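Structural overview
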Amino acid sequence: MPEKNPIIRLKPKVSPKRIRHGFPWLYDNELVTDRRTKALKPGSLAVLQDHAKNELGLFAVNPDSKIFGRKLSTNTNTSIDAAWFSGRILSALRLRTSLYDKPYYRLVHAEADELPGLIIDRFSDLLVVQPNAAWLDCFLPELIHALKNAVAPKNIIINGTSRSRALEGLPETRTTIFGEMPNAPIKVPMNGAIYFADVVGGQKTGLFYDQRPTHAFVQCLAHNKKVLDVFSHVGGFGLAAMANGATEVTFIDGSQSALGLATMGAKATNSSARIKTIKEDAFNAMAELAEKSESYDIVICDPPAFAPKKASVATGLRAYERVARLACLLVNDGGYLTLCSCSHAVDIEKFRAACYRGIGRGGRSGQIIYSGSAGPDHPLHMSLSEISYLKTLVFRLQ
C-alpha cells in the first residue's frame, strides 16, 4: 500500500473558498507552519485541508518559496506518474494542433494547462522545457517519459535559467536530456516569415511565440511601408512586415547575436526589402534617429519587462512613458506606433496611461486601432490573473 502524503492545513482565519473555486496557489502566509511542515522536501506532495480538516486537494509544496503549494489535483488520491503527465500533455497538444497547422508553438503554458510552473515550447521535433517549480525537478523522469510518448520528439532540452527558478530556490541548469544539443539555430516558419531560434544560448526558450497575433496584425499594415523594429530581438515584428512587402526594415537591439539571427531570418524570408541593423541601447538609438530627422511609417517597440515585480512598477511605468515619447517622434503623420509590455506587475490600464502620457509629451495625438495579448497557445487560467502578462497597443498617430 502506498505511503500516504502528509497533511498541510490552512490557518483558522484563512477562507478556503478561493481554493475551492479553482485558485491554484497556496501562499506561505496562509498555512499553519510548524517544524514538520517546514521540513517538507521542496517538490514533494501534500494534501491540503482547511481548518476544519476538509480536504481541498493534492498540492506540490516548496517551503523555500512564497508560493508554498501548487495544486495538482482536487482528487487527493491522484498518482502523479507518467500516465498523469500524459493526460495533461495530450490535452494541451489537442488544443495546439487545432490552432496551428505546423508544429511550432507553446505546447504547455503552466497553470493554464494544469501543469503548474511548466513551460514547453515546441520547435517541430525539438522541445525546450522550462521547469520553473521545484516539483518538476522531482518528477522530471515521469514528465520526459510522457513527452516521448505524446509528442515523439527527437530532442528535449531543459532550460532552467529563469527568474522563477531563483524565486523557488532552485539552481540554474541547461542541458539536453534526450537527443542532442543543436549546433545551429532552429528555423521557424511563422506568419509567412522565417525566424531563427537559438534554443541553446538565446533568451528563454529561444523565440517568443506569444506575439504571433500582433505580428500578424502589424504585418497587414506593412505593405510598401518603411518599418522600425525597436528591441527587435530576433526580428519578430520586422520579419513579419517584410513577409508582406515592407520596403525597408530597420532592427534595433542591444544584442549582436539577436541582430545576427534577425539578419538570417531576413535572408531566409526572401524579401526584397532593404534591411538595416543598429546595435545600441534602444533609448539612445531612438533619440539619435530623431536628431537626424529620420521617420517611419510603422514603429514597433517591444521591450523586455521594465517592471518584473511590484516594487519596480513606478520605475517601469516611467520607462514605458519614455519609450512612447521617443518612438512617437519617429512616426510619420498617419503612421502606426505599436507599444508592448510583458511586465506581470503592470496592468493594461497603467500601461495604457503611460503610453498616453508619452505620446502626449511627444506632441502627438492619435487613436488606438488594436489592443492585443498573448496568442491562444498561451491560455489563461481563469482564477490566476498573475500569468496574464503581455499587453500590446497599436496607435495611428497624427
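Residues numbered from 1 in each chain as written. Predicted model: local features only at pLDDT ≥ 70, side-chain atom pairs only at ≥ 80, totals over all residues. Heavy atoms only, no water.

The next thing to look at is the overall build of the protein chain. Summing up its helical and strand segments, the protein chain has 12 helices and 19 strands in all. For 398 residues, the compact-globule formula gives about 21 Å, and the C-alpha radius of gyration of the protein chain, at 23 Å, lands near that figure. Its C-alpha atoms give the protein chain principal-axis dimensions of roughly 75 × 45 × 35 Å. Excluding contacts between residues fewer than 6 apart, the proportion of contacts in the protein chain whose partners are at least 24 apart in sequence is 63%. When the accessible surface of the protein chain is split by element, carbon and sulfur atoms take 50% of a total near 17,600 Å². In the protein chain, 48 positive and 37 negative side-chain charges are present, and the distance between their average locations comes to 4 Å. (Helix = DSSP H or I, 4+ residues; strand = E, 2+ residues; numbered from the N terminus. Rg over C-alpha atoms; globule rule 2.2 N^0.38 Å. Contact = heavy atoms within 4.5 Å. Areas by Shrake-Rupley, 256 points an atom, 1.4 Å probe, with all protein chains shown as cover. Lys, Arg positive; Asp, Glu negative; His and termini not counted. Charge placed at Lys NZ, Arg CZ, Asp CG, Glu CD.)

This model, assessed by the stated rule, comprises 16 aromatic pairs. Taken together, a centroid distance of 6.3 Å and an interplanar angle of 85 degrees make the contact between Trp25 and Tyr27 edge-to-face. Taking the relative accessible area as the measure of exposure, Trp25 reaches 10% and is therefore buried. Its relative accessible area of 22% is what places Tyr27 among the partly exposed residues. Here the aromatic rings of Tyr356 and Phe395 are separated by 6.3 Å at their centres, their planes lie at 75 degrees, and the arrangement is edge-to-face. On the criterion of sequence distance, the pair formed by Tyr356 in helix α12 (residues 348–361) and Phe395 in strand β19 (residues 391–397) is long-range, its members being 39 residues apart. With a relative accessible area of 3%, Phe395 lands in the buried category. Between Arg212 and the ring centre of Tyr100, over which it is positioned, the NZ or CZ distance is 4.1 Å. Sitting above the plane of the Tyr296 ring, Lys226 keeps its charged end 4.8 Å from the centroid. (Phe/Tyr/Trp six-rings, centres within 6.5 Å; stacked < 30°, edge-to-face > 60°. Buried < 20%, exposed > 50% of the residue type's maximum accessible area, 1.4 Å probe, protein only. Lys NZ or Arg CZ within 6 Å of the ring centre and 35° of its normal.)

Taken in spatial order, the five strands line up as β1-β3-β4-β5-β2 in an open sheet, and their pairing is mixed. Of all the strands in the sheet, just β1 (7–9) and β2 (25–27) have a single pairing partner and so form its edges. Direction aside, neighbouring strands of the sheet carry axes that sit 40 degrees apart on average. Two strands pair when backbone bridges link them, and strand β4 (residues 55–61) and strand β5 (residues 67–73) are joined in this way by four bridges, in the antiparallel orientation. Its bridge partner being in β5, Phe59 is matched across the sheet by Lys71. (Pairing = 2+ DSSP bridges. Axes fitted to C-alpha atoms, helices over the stretch in contact; angles between N-to-C directions.)

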